[in-house]
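Descriptive structure summary
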Amino acid sequence: MKNFFTKAAVLLSSISAGIFLIGYNIGTGSITTMASAGSEYGMTLTWALLLSCVFTYYLIIAFSRYTMVTGRTVLHSFRCEFGAPVTLFILLSMLVAELVSSMGLMGVAIEVIVECSRPLTADGEGFNRIAIALLFAALLGYLCWQGRQSFFEKILCIFVFLMGVSFVATMFAVIPSPETILEGLKPSIPQHGNAFVIVSSMVGTTMGAIIFIVRSILVRDKGWTIGDMRIQKRDALVSVAVMFLLSFAIMACAAGAMSGEKIDNAIQIVRLIEPLAGRIGTAIFAAGIVAAALSSLFPILLLAPWLLSDYRGKPCDMRSRETRLLLFGGLLCSLAVPIFGGRPVHVMIISQTLAVIATPLILIFMTILLNRRRLMGSHRASIPQNVVYIAVSIFAVAMAAIGIAGIGKLF
């Protein structure tokens, strides 16, 4: 038994970078986006999720290989090879998207907790929103204050486990028919509602460039070299497979329980799923939403200091005064929706769409770097790899254009 746990710990350590990406990727942004897709359009947009996950797998490997060969992270390389102005544009676009996302994350989690706590309070109003927000902020602040990568990974393992069990268990209570699922693999975009924004935000949350930038930082911090490619590929496969499974489970839950409904807030997701999943199933799904919020908020708070250190080409000191000030600023931003109000679901979907807009530029730059012999040597991109990178870049440009058109319709 001791030998089993030792081997399990070694395996978990080898895929911890992938678990980190799952925790970041599957947040309430993914939940609201996938739930909106499932409720309004059934399983018809499954193709966009599957294609995004396949492309994400190849891109995780590509960005990881670059760092494993050169020892350099993405933003620092862009600054050295393409100049500071364009790199600053990428950096700022990433930070703005993540700050907007953090506002929606906290708002969605608190909406769910308030709704589920109504029977527990005398006035039926549920727990105080601001008090819950401050409690979450204090918890996240404490976790970030520890300043150790291994600690971060362990916390995210707990969040991801709770989230995964919750969504997959709920899916089996309301899953659509196999015929409906297969129908969703045919590429098409509905012409009614906010389909353009939803498709783009699905790609943004699954294939957003920030995932690959963070991956590069994690690979550097892990100390992986080109000799660790087998471990790195396994880690990437686990990460993407779980991303697809959880996103698919959320979409299936919404398609099965909320068909034809338009999702305007997180409470609808909880209320509409109860008739089919029951109170226990609804409670499990609600727990998954809260775990997803925390699992995404946690790494999002770390992004600002990580991205700035990446831009400077220096390791990030998580215990420095600058880092802790950035963390404090991120926590304050996350309190905006709970304190001042707003529609968290709309905030989340728009933030996911914003995330995909910078992706084409980042993919094009990385494709160029992967083909430079002085950087990659014998490991530079092959012809088949370049075909994949070009196809992914075209897909990203198309999704960015769709997202911009969709946002234009909203406003």
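Attention here is on the structure that accompanies the text. If you're wondering where the values come from, they're calculated on a predicted model, not measured in any experiment.

**Focus: the side chain of D310**
By the secondary structure assignment, D310 is in helix α13 (residues 266-312). Buried charge without a partner: D310 forms no salt bridge, and the closest opposite charge is R220, 5.5 Å away. Separated by 3.3 Å, the side chain of D310 and the backbone nitrogen of L75 make a polar contact.

**Topic: a nonpolar patch on the surface**
Residues L50, V54, Y58, L182 and L185 make up a contiguous nonpolar surface patch of roughly 430 Å² in combined accessible area. Looking at the nonpolar patch element by element, the count peaks at three residues for helix α4 (residues 46-70). Residue placement: Y58 occurs in helix α4.

**Things to note about the packing of aromatic side chains**
According to the stated counting rule, one finds seven aromatic pairs in the structure shown. Here the aromatic rings of Y57 and Y58 are separated by 5.6 Å at their centres, their planes lie at 70°, and the arrangement is edge-to-face. A relative accessible area of 41% places Y58 in the partly exposed class. On the basis of an interplanar angle of 65° and a centroid distance of 5.9 Å, the ring pair of F78 and F82 is categorised as edge-to-face.

**Structural notes on the nonpolar core**
Within the largest apolar cluster, 107 residues are counted, with the highest numbers of intra-cluster contacts made by F78, M202 and M207. In contact with M202, other than residues within four places in its own chain, are T33, M34, A37, L45, A48, L49 and M251.

**Quick word on the side chain of T367**
Tracing the backbone shows T367 in helix α17 (residues 359-370). When its relative accessible area of 14% is taken as the criterion, T367 is described as buried. With residues up to four places along the chain from it excluded, the contact list for T367 reads N386, Y389 and S393.

**A short note on the environment of S247**
Residue position: S247 is located in helix α12 (residues 229-257). When its relative accessible area of 2% is taken as the criterion, S247 is described as buried. Once the C-alpha coordinates of S247 and M202 are considered, the two residues, 45 residues apart in sequence, prove to be 9.4 Å apart. A polar contact of 2.9 Å, which involves the side chain of S247, links it to the backbone oxygen of M243.

**Focus on the packing of helix α10 (residues 195-207) against helix α11 (residues 209-222)**
With their axes 6 Å apart at the nearest point, α10 and α11 run at an angle of 0° to one another. As summarised for this structure, α10 and α11 are arranged roughly parallel, according to the angle between their axes. The segment α10 lies against α11, with T205, T206 and M207 engaging A209, I211 and F212. Split by residue class, the contact of α10 with α11 holds four nonpolar, two polar and no charged.

The rules behind each value
- Residues numbered from 1 in each chain as written.
- Predicted model: local features only at pLDDT ≥ 70, side-chain atom pairs only at ≥ 80, totals over all residues.
- Heavy atoms only, no water.
- Helix = DSSP H or I, 4+ residues; strand = E, 2+ residues; numbered from the N terminus.
- Buried < 20%, exposed > 50% of the residue type's maximum accessible area, 1.4 Å probe, protein only.
- Lys, Arg positive; Asp, Glu negative; His and termini not counted.
- Salt bridge = Lys/Arg side-chain N within 4 Å of Asp/Glu carboxyl O.
- Polar contact = N/O pair within 3.5 Å; in protein donor to acceptor, adjacent residues only side chain to side chain.
- Patch = residues over 30% accessible without salt bridge, like charges linked within 9 Å, V, L, I, M, F, W, Y side chains within 5 Å.
- Areas by Shrake-Rupley, 256 points an atom, 1.4 Å probe, with all protein chains shown as cover.
- Phe/Tyr/Trp six-rings, centres within 6.5 Å; stacked < 30°, edge-to-face > 60°.
- Core = buried A, V, L, I, M, F, W, Y, C linked by side-chain atoms within 4.5 Å.
- Contact = heavy atoms within 4.5 Å.
- Axes fitted to C-alpha atoms, helices over the stretch in contact; angles between N-to-C directions.
- Parallel < 35°, antiparallel > 145°, perpendicular 65-115°, else oblique.
- Nonpolar A, V, L, I, M, F, W, Y, C, P; charged D, E, K, R; others polar.

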